[in-house]
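# Structural description and commentary
Read off the chains here:
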Amino acid sequence: MSDEKKRSWLQRYRGWLNGLDQRQRRRYRLVQVVAAVCAVIVLLLAVYGAFVRRPSIPQLPADVGVSAGATQLNTGPRRSGVYTFLVVGKDTGGGGNTDTMILVTYDTSGKTINAMSLPRDTMANVSWNNKKLNTVYNYYKGKDKATQTENGMTALKVHVGKLTGILPDFYVMVEWDAVGELVDAIGGVNFDVPYDMHYDDPYQDLHIHQDKGERKLSGEDAMQVIRWRKNNGKYGNFQIGDAGRMKIQQDFLVAVAKECLQFKHLMNASEFARIFTENVDTDLTVGNLAWFGQQAIGMNAQEDIRFCTMPYTPYTRNTAYVLPVVDELLAVLNNGLNPYKEEITADDLEVLQLNKDGSMSLTSGTLADSALAKPRKQAQPKPQQPVVPESSGQEAVEAPEAQPEQSGTQEPPTQETQPEQPVEPTPEPQPEETEPGPEKTDEETTQTTQEPVVVLPATPVPVQ
């Protein structure tokens, strides 16, 4: 439009505007305001659409560095709107292994979250000596720091997929030191601390002192609560072990979810997602996290979020392991965790099982360590004796089952004051009877069993 035409148009517009009465001018101004507001809304929606993105289910890389002969990973037809995650906490002892491992299924359509804790001592089908599931990340991560998280978590996702029949879509790795920052970012978390917690470990500069009862936890309080599993020193020898700690962590995560689902946080989902990504390693974008957060609007943390622990039975082979109980595991998987349209069966799992002759086999797949297929003498448990707690006024409780004798060199339990040692790859698998794995064991005693017995998270037992 030429300058002359612009001037002509402005003259006509002003003439038309001067011809309006006061009432007509108010209506005209109102129309202008509405039009401006609509333009801003359209712009914000455009920006929102570019930022908040529904995630696409990723494809597993062709070469993930996992040994051949594995069970075919489950990649069947999916239920619409259902996503899976592997949430992992790094080992606080500095050894490099993973600590907490939780498989999560989020049904965004049904607005439910189901999660299953995977014990770190779960025996996995791997070739190296220490066959605990929590060593997989450290074994495969490599030396390049830029790719360690991706390499290690990709391999761990594959092994969790073989163990459960569910290949996690995404991973979320949390440094436990960052939990305090996350809790403080949402203004604290109301939580009922189940026990008096008193533990000191100068070696790790770890000091836990929390009183039993319900209150709002700060970030520092929260870090202490989720790391505790026993008392020491003058506070006695009260302990709950790894299973008890998993239960506390599950309850704590529900409390965090309840706080995060409050309206004040949901309205600021993008900012909360930004804080989250600054404190964790994940293959999700900030926009993906914001989308998941908005799908949670309307959820009830107490009713719509369910936690459980993988059903297992204890087993000892130079160190303490746990073995999944297949039938019970399948029931848990198909009751909310399964993202596929078809039920998960034993053929979808690669779970190590103990045979009556002491040898081990798999539900499906090929043993990564052929030494496990050899028959092995089973030790008989010693008679149980009642244990009288040190503190008076308490009834005697049944003692933990005795540690079975091993034909090879038994790796001694270590105190919590020693950090877990990193797992170094071995060129050839060695028989476990002659060389225990590199990781130190926990204090909890376990026993070799021929017939699987489901063991749920234990209640605390005072021991001598």
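Procedures and definitions
Here the residue numbering is sequential within each chain, running from 1 through the sequence in written order. Where totals are concerned, whole chains, interfaces and linings use all residues; where local detail is concerned, this predicted model gives features only for residues with pLDDT of at least 70, and gives and counts side-chain atom pairs only at 80 or more. Values reported for side chains reflect all heavy atoms of the structure, with hydrogen atoms and water molecules removed beforehand. Only DSSP runs of H or I covering at least 4 residues are called helices, and only runs of E covering at least 2 are called strands; the numbering of each starts at the N terminus. Nonpolar cores were defined as sets of buried Ala, Val, Leu, Ile, Met, Phe, Trp, Tyr and Cys residues, with membership established by side-chain atoms within 4.5 Å. Note on classification: 1.4 Å probe, protein chains only; a residue is buried when its accessible area is under 20% of the maximum for its type, exposed when over 50%, partly exposed between these limits. What makes two residues a contact is simply this: any of their non-hydrogen atoms within 4.5 Å. In this scheme Phe, Tyr and Trp rings, the latter by its six-membered ring, pair at centre separations within 6.5 Å, and the angle between planes marks the pair as stacked below 30 degrees, edge-to-face above 60, and tilted otherwise. Only the contacting stretch of a helix is used when fitting its axis, a line to C-alpha atoms as for every element, and angles between N-to-C directions run 0 to 180 degrees. Each residue gets one label: Ala, Val, Leu, Ile, Met, Phe, Trp, Tyr, Cys and Pro are nonpolar, Asp, Glu, Lys and Arg are charged, and the others, such as Gly, are polar. The span one expects for a helix is its residue count, reduced by one, times 1.5 Å. How sure the predictor is of each residue is captured by pLDDT, a score from 0 to 100. Pairing between two strands is assigned when DSSP locates at least 2 bridges connecting them.

## Concerning the environment of G81
Mapped onto the secondary structure, G81 falls in the loop between α2 (22-51) and β1 (82-90). Sequence separation of G81 and K111 is 30 residues, and the distance between their C-alpha atoms is 9.6 Å.

## Considering the nonpolar core
Judged by nonpolar contacts, the single largest core of 39 residues is most densely connected at L156 and L333. Sorting the residues of this core by element identifies β1, β2 (98-107), α3 (136-140), α4 (148-164), β4 (170-174), α7 (241-260) and α12 (326-337) as the ones contributing at least two each. When residues of this core are assigned to their parent elements, the largest contribution, 6 residues, is made by α4. If near-sequence neighbours (up to four positions away) are discounted, L333 is found in contact with M116, T164, I166, N338, I344 and L349. Grouped together as the second largest cluster of nonpolar side chains are 26 residues, V179, M223, V225 and C260 included.

## Digging into the packing of aromatic side chains
Under the defined criterion, the tally for this structure stands at 13 aromatic pairs. Between Y83 and W291, the aromatic rings sit 6.0 Å apart at their centres with planes inclined by 75°, giving edge-to-face as the arrangement. Placement of Y83 in strand β1 and of W291 in helix α10 (residues 286-295) is noted, with a sequence separation of 208 residues between them. Look at Y83 and you get buried, because its relative accessible area is 4%. Considering the side-chain rings of W128 and Y140, the 5.8 Å spacing of their centres and the 70° angle between planes classify their relative orientation as edge-to-face. With W128 in the loop between β3 (112-117) and α3 and Y140 in helix α3, the pair connects residues that are 12 residues apart, well separated along the chain. The same class applies to W128 and to Y140, which are both buried. Through a chain of ring-to-ring contacts, three or more aromatic side chains come together here, namely Y83, F85, Y106, F170, W291 and F292.

## Some words on the packing of helix α6 (residues 219-227) against α7
Where α6 contacts α7, the two axes come as close as 8 Å, and the packing angle between them is 145°. In this structure, α6 contributes A222, V225, I226 and R227 to the contact, and α7 contributes R245, I248, Q249 and F252. For the contact of α6 with α7, the class distribution of residues is 5 nonpolar, 1 polar and 2 charged.

## Remarks on the environment of L86
Along the chain, L86 falls in strand β1. Under the relative-accessibility criterion, L86 is labelled buried at 0%. It is 9.8 Å that separates the C-alpha atoms of L86 and T282, two residues lying 196 residues apart in sequence. In this structure, L86 is in contact with I102, M153, L156, K157, V160, P168, F170, Y171 and V172, ignoring residues within four places of it in sequence.

## Section: α7
Here α7 contains 20 residues, and its C-alpha end-to-end distance of 29 Å stays within 8% of the 28 Å for a straight helix at 1.5 Å per residue. The buried count for α7 comes to 16 of 20 residues, which makes it a mostly enclosed element.

## Some thoughts on the environment of A222
Assignment of secondary structure puts A222 in helix α6. Relative accessible area serves as the criterion here: at 0%, A222 is assigned to the buried category. Separated by 12 residues in the primary sequence, A222 and Q210 place their C-alpha atoms 9.6 Å from one another. The residues contacting A222, other than those within four sequence positions of it, are V183, L217 and F252.

## Some points on the side chain of N288
Note on placement: N288 falls in helix α10. Not counting residues up to four positions away in its chain, the partners in contact with N288 are R53, R54 and P55.

## What to know about the confidence of the model for the protein chain
Here the protein chain averages 75 in pLDDT, and 70% of its residues register 70 or above. Here residues 44-50 is modelled with pLDDT under 50, and outside its nearest four sequence neighbours on either side it reaches 1 contact, counting other chains as well.

## Side note on unusual backbone geometry
Even without being glycine, K111 reaches a positive phi, approximately 55°. Along the chain, K111 turns up in the loop between β2 and β3. Of note, the phi angle at N318 is positive, near 70°, even though the residue is not glycine. Within the secondary structure, N318 sits in the loop between β11 (312-316) and β12 (320-324). With relative accessibility at 1%, the residue N318 sits in the buried group.

## Structural notes on the sheet that holds β1
Strand order in this open sheet of 6 strands is β9-β4-β1-β2-β3-β10, and the pairing throughout is mixed. The strands lining the two open edges of the sheet, one partner per strand, are β9 (280-282) and β10 (305-309). Here the strands of the sheet are splayed against their neighbours by 20° on average, with no regard to which way each runs. In this fold α4 packs onto β1, β2, β3, β4 and β9, with an angle of close to 120° to the strand it touches most, β4.

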